[in-house]
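Tertiary structure, described
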Amino acid sequence: MERIRFDHEYNDITNRAAANGGLPAIDVTEAVMKRIAGEAASGRKGQTPFMRPVMKRTTAFSGALMLLLLLSVSAYAASQYIEIRNAAGEIKVKTIDEITPQTDSAEDSADNKAYQNYLNKAQKFAKPGELVAFYVLGTDDLAHYTYKEQPLTNYETFKQEAERTNAQQLPQTINGYSFISGKIAPRLLITDADKQTAAYKQALLDLKQLAAAGTKGKKLFMQTVPWREASVVSGKYTKGHYKFNLTQIPLDGGEMHLPLDSKQKTEQIQVGETAVIYTMRTINEKIGVQYAQWYDESKDAIYMLTDQGNKGLSKKELLALAGDWIKVLK
């Protein structure tokens, strides 16, 4: 099954800035990680109405979910597009016109509210760092997944968790910046291929057995699931007032769609031998977000470097930092 992701993370940031009256620090990874709770609903076909609105909302990520090896770029114009292809010529990332939000039907809205209610209960059931599988009796014949984020607040803890989950290891320091926290999220079993695995089948069987033995009238059944395979990995670094976040997002053989809008300017810039997408997104007259993204074909992953400090880096400094990361991560 084709896996397509959309990156809407900076819309989330805009909303947060408006609510807080400013944007003193930006944690893009928070938005990406939160999408993991809904990732199990993305990209699936033939679902019952219970899942229909979720598919509209969360075909993102893995979300979102992401980029590079650009073949054609036209900066500052949404009418011309970026395409990133791998060595085989397959598109891995492309920009598209901004998506106009759809208005759900009354039925979809009710289904969405019901699913969100079950998802919230599963989130409350989970402890930090836990992956939870849940099953809703009478809706569909699927196991759904959610993960409760667990920040890793020192480097040794992050390193141990990366080793346990075979995640991308990040350095403790880079170019004078020091690691201050990290996050590692599990890979969720969401594709058609995943649903044929022993792990998925066992989780679904266990949940159905819980449902069969459950109290009459109970619909939601949950259990924690052990995990040892990482998905999104991120690290936050600081040097004085300057902060940035580095996030790795695996594409898992899929492709990424990046909606463009009038508030952002995007261009391709060559950093060493790597094509980097540099984007400046305007939040308001005084605040903007800049980030650099590149695609690593050897890992089939996107790396996203985001300026987070109160005193922002210059474009030149951010791109130089991206160059340092490209060398370190090879």
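Structure: above.
**Let's talk about the side chain of Q248**
Considering the arrangement of structural elements, one finds Q248 in strand β11 (residues 242-250). For Q248, the side chain forms a polar contact with the side chain of Q168, separated by 3.4 Å. Polar side-chain contacts of Q248 include one of 3.0 Å to the side chain of Y303. Leave out the neighbours within four places in its chain, and Q248 touches Q168, S231, V232, V233, K299, A301, I302 and Y303.

**Side note on the nonpolar core**
Ranked by size, the top nonpolar core spans 50 residues in total, and within it Y145, I184, F244, W294, L305 and W325 carry the most contacts. Ranked by residue count, the leading element in this core is helix α7 (residues 315-329), at seven residues.

**Examining the sheet that holds strand β9 (residues 220-225)**
Ordered in space as β6-β5-β9, the three strands form an open sheet in which the pairing is antiparallel. Two strands in the sheet have a free side with no partner beyond their single neighbour: β6 (144-147) and β9. Taking the axes of each pair of neighbouring strands and ignoring which way they run, one obtains an average angle of 30 degrees across the sheet. Bridge analysis of strand β5 (residues 131-136) against β9 gives six bridges, and the strand direction is antiparallel. Following the sheet pairing, L131 is matched in β9 by V225. The sheet strands contacting helix α6 (residues 198-212) are β5, β6 and β9, and the helix crosses β9 at an angle near 140 degrees.

**Notes on the sheet that holds strand β8 (residues 177-186)**
Reading across the sheet, the eight strands line up as β7-β8-β10-β11-β16-β15-β14-β13 and stay open at both edges, with antiparallel pairing between neighbours. Looking along the sheet, the strands with just one partner apiece sit at the ends: β7 (173-174) and β13 (264-271). Helix α5 (residues 155-165) contacts β8 and β10 (230-239) of the sheet and is inclined by roughly 35 degrees relative to β8. Where α7 meets the sheet, its contacts fall on β7, β8, β10, β11, β13, β14 (274-282), β15 (288-296) and β16 (301-307), and the angle it forms with β15 comes to roughly 25 degrees.

**Description of α5**
Among the residues of α5, Y155, F158, E161, A162 and T165 are the ones counted as buried. Viewed along the axis of α5, the buried residues span an arc of 130 degrees, placing them on a single side of the element. In this structure, the buried residues of α5 make contact with β8 and β10. In this structure N154 caps α5, since a side-chain oxygen of it lies 3.3 Å from the backbone nitrogen of E156. Directly beyond the C-terminal end of α5, a positive phi value near 55 degrees is found at N166.

About the cut-offs
Within each chain, residues carry numbers counting from 1 in the order of the written sequence. Thresholds applied to this predicted model are a pLDDT of at least 70 for local features of residues and 80 or more for the giving and counting of side-chain atom pairs; totals over whole chains, interfaces and linings are not thresholded and use all residues. Excluding hydrogens and water, the side-chain values take into account all heavy atoms of the structure. Going along the chain from the N terminus, every DSSP run of H or I of four or more residues is numbered as a helix, and every run of E of two or more is numbered as a strand. Two N or O atoms count as a polar contact when they lie within 3.5 Å, although within protein this holds only if one can serve as hydrogen donor and the other as acceptor, and sequence-adjacent residues are included solely when both atoms are side-chain atoms. Contacts were defined at the residue level, with two residues in contact if any of their heavy atoms lie within 4.5 Å. Here, nonpolar core refers to any group of buried Ala, Val, Leu, Ile, Met, Phe, Trp, Tyr and Cys residues whose side-chain atoms link them within 4.5 Å. Working definition: with a 1.4 Å probe on protein chains only, accessible area under 20% of the residue-type maximum means buried, over 50% means exposed, and in between means partly exposed. The criterion for strand pairing is that DSSP finds at least two bridges linking the strands in question. In this description, a line fitted to the C-alpha atoms serves as the axis of each element, helices being fitted only across the stretch in contact, and the angle between N-to-C directions of two axes falls anywhere from 0 to 180 degrees. Each C-beta atom gives one direction from the helix axis, and the arc is the one those directions make.

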